[in-house]
Amino acid sequence: SKNYTQASARPPQPLAEVIGLSQGGLHVRLAGHTKWQWHKQNVKVPVRTGDRIAILLESPPNSTQSGARKDLEADEATCLMGVELLHPVLVA
């Protein structure tokens, strides 16, 4: 099976959709990319293998401030808590 954690072509089907329920919205970092993409509250965002979802994003780093409601490069933010999607494995 192909590993999509590199900056190669994205697989055609997302594994899931995530929605930021808080007023701060949601930051997602696509596999192989350095930018955290910000999405408004209640917007469905498709996620695929290797993508990361920030649960607690700090910006600027070491500031104890929540990530701004905008796209952020990796050096502008620290993901203190998050989730990385892995390719599903079927167990026989």
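Criteria and thresholds
Residues numbered from 1 in each chain as written. Predicted model: local features only at pLDDT ≥ 70, side-chain atom pairs only at ≥ 80, totals over all residues. Heavy atoms only, no water. 1 Å grid on protein atoms, 1.4 Å probe; cavity = no way out; pocket = protein on both sides within 12 Å on 5 of 7 lines; lining within 4 Å. Points joined across faces, edges and corners; volume = space filled by probe spheres on them. Helix = DSSP H or I, 4+ residues; strand = E, 2+ residues; numbered from the N terminus. Nonpolar A, V, L, I, M, F, W, Y, C, P; charged D, E, K, R; others polar. Patch = residues over 30% accessible without salt bridge, like charges linked within 9 Å, V, L, I, M, F, W, Y side chains within 5 Å. Areas by Shrake-Rupley, 256 points an atom, 1.4 Å probe, with all protein chains shown as cover. Salt bridge = Lys/Arg side-chain N within 4 Å of Asp/Glu carboxyl O. Lys, Arg positive; Asp, Glu negative; His and termini not counted. Charge placed at Lys NZ, Arg CZ, Asp CG, Glu CD. Buried < 20%, exposed > 50% of the residue type's maximum accessible area, 1.4 Å probe, protein only.

Q: Would you mind showing me how to read the layout of surface pockets here?
A: To find leftover empty space, one rolls a probe the size of a water molecule over the atoms. What the largest pocket holds in volume is close to 250 Å³. Of all the secondary structure elements, the ones that give two or more residues to the lining of the largest pocket are strand S2 (26-29) and strand S5 (52-58). The biggest single contributor to the lining of the largest pocket is S5, with five residues. Grouping the amino acids of the lining of the largest pocket by side-chain chemistry returns six nonpolar, six polar and one charged.

Q: Looking at this structure, how should I read a negative patch on the surface?
A: On the surface, a cluster of negative charge is made up of Asp71, Glu73, Asp75 and Glu76. Along the chain, the position of Asp75 falls in the loop between strand S6 (72-73) and strand S7 (78-84). Given the relative accessible area of 64%, Asp75 is considered exposed.

Q: Just to check I follow, could you spell out the pattern of salt bridges for this structure?
A: If the charged atoms of two oppositely charged side chains come close together, the side chains can form a pair. A complete count under the given rule lists one salt bridge for this structure. Among the ionic pairs, Arg52 bridges to Glu84, the shortest N-O distance being 3.8 Å. Of this pair, Arg52 sits in strand S5 while Glu84 sits in strand S7, placing them 32 residues apart in sequence. By relative accessible area, which is 35% here, Arg52 ends up partly exposed. For Glu84, a relative accessible area of 39% translates into the label partly exposed.

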